[in-house]
Amino acid sequence: MIYIVTYDLNNPDKNYDELFETLKTFTAYSKILKSTWLIASTEPVAALNSKLFPFFDKNDSLFIARLYQDYNCYLPKTAISWIKDCETKKLFGTNETSG
């Protein structure tokens with residue numbers, strides 16, 4: 001599954017290197033914008049939040065959501081290539097629900 005992770009880091013005195021290193025530990029990752037990453041993981045959102053949340057201060061913001069194949073983007077070529085590779089590997093979920 002592919003997740004979008006986006007954040008606002010508001011403490012200029014804090015070193016966020018551990019957060020960035022943790023984001024790099026997932027199955028695959030791409031930093032697509034200044035404060036936005038795509039990560040591949042088989043874990044649910046709650047588990048991802050548990051891994052990332054300890055690196056945030058109370059005035060920071062974090063948003064994690066599963067990304068489905070229905071998207072549109074204007075990104076650097078490296079990010080688009082990463083996304084296409086994930087599509088080829090069928091890492092995206094579908095937005096269909098089972099009933």
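For the structure, see preceding data.
Residues numbered from 1 in each chain as written. Predicted model: local features only at pLDDT ≥ 70, side-chain atom pairs only at ≥ 80, totals over all residues. Heavy atoms only, no water.

J.: What's the story with the pattern of salt bridges in this structure? I'm lost.
T.: Oppositely charged side chains can pair when the atoms bearing their charge come close. Applying the stated rule across the entire model yields four salt bridges. For Lys-14, the salt bridge is made with Asp-57, and the minimal N-O distance between the two is 3.2 Å. In this pair, Lys-14 sits in the loop between strand 1 (2-8) and helix 1 (17-23) while Asp-57 sits in the loop between helix 2 (45-52) and strand 4 (61-67), placing the two residues 43 residues apart along the sequence. When its relative accessible area of 25% is taken as the criterion, Lys-14 is described as partly exposed. Overall, Asp-57 belongs to the partly exposed group, its relative accessible area being 22%. Lys-89 is the partner of Asp-85 in a salt bridge, and the nearest nitrogen-oxygen pair spans 3.1 Å. Classification of Lys-89 as exposed rests on a relative accessible area of 52%. (Salt bridge = Lys/Arg side-chain N within 4 Å of Asp/Glu carboxyl O. Helix = DSSP H or I, 4+ residues; strand = E, 2+ residues; numbered from the N terminus. Buried < 20%, exposed > 50% of the residue type's maximum accessible area, 1.4 Å probe, protein only.)

J.: Help me out: how do you make sense of the sheet that holds strand 1 in this one?
T.: Within a sheet, adjacent strands bond to each other through the backbone by hydrogen bonds, running parallel or antiparallel. Strand order in the open sheet made by the four strands is 2-3-1-4, with antiparallel pairing throughout. A strand with exactly one partner marks an edge of an open sheet, and here the two such strands are strand 2 (28-33) and strand 4. Across the sheet, the axes of successive neighbouring strands diverge by a mean angle of 20°, strand direction being ignored. Here strand 2 runs beside strand 3 (residues 36-40); their pairing, made up of five bridges, is antiparallel. Across the sheet, Tyr-29 pairs through a bridge with Ile-39, a residue of strand 3. Against the sheet, helix 2 touches strand 1, strand 3 and strand 4, its axis set at about 150° to strand 4. The sheet strands contacting helix 3 (residues 77-88) are strand 1, strand 2 and strand 3, and the helix crosses strand 2 at an angle near 145°. (Pairing = 2+ DSSP bridges. Axes fitted to C-alpha atoms, helices over the stretch in contact; angles between N-to-C directions. Contact = heavy atoms within 4.5 Å.)

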